[in-house]
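This is what each chain is made of:
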Amino acid sequence: MEANNTIKDNDDLILSLSKEDTIINYEMQSIKKTFEDFSRFNQRNQSLYTDYLNSLVGEARVKTDD
């Protein structure tokens, strides 16, 4: 009986890990398609906050120039 429970638990774990692996593979494909490689992806991530702040400043300038 305990063997059946162990097998069921292991099957559940395998399914969970398989789903996680599939998601990670899709994410990797998307990153490669969009950024060509992971170094460009990482560079872009490093500048996200600065780019966001610059976009807010740019929007504020447009509104005050109107």
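For the structure itself, consult the block above.
Residues numbered from 1 in each chain as written. Predicted model: local features only at pLDDT ≥ 70, side-chain atom pairs only at ≥ 80, totals over all residues. Heavy atoms only, no water.

Draft legend 1. Broad picture of unusual backbone geometry. The phi dihedral of Glu36 is positive, around 75°, even though this residue is not glycine. On the secondary structure map, Glu36 appears in the loop between α1 (2-35) and α2 (38-46). (Helix = DSSP H or I, 4+ residues; strand = E, 2+ residues; numbered from the N terminus.)

Draft legend 2. Structural context of the pattern of salt bridges. Enumeration according to the criterion identifies 3 salt bridges in this entry. Between Arg40 and Glu36 there is a salt bridge whose closest N-O contact spans 3.1 Å. On the basis of relative accessible area, Arg40 is assigned to the partly exposed category, the value being 43%. The salt bridge partner of Asp51 is Arg44, with a shortest N-O separation of 2.3 Å. Overall, Asp51 belongs to the partly exposed group, its relative accessible area being 29%. (Salt bridge = Lys/Arg side-chain N within 4 Å of Asp/Glu carboxyl O. Buried < 20%, exposed > 50% of the residue type's maximum accessible area, 1.4 Å probe, protein only.)

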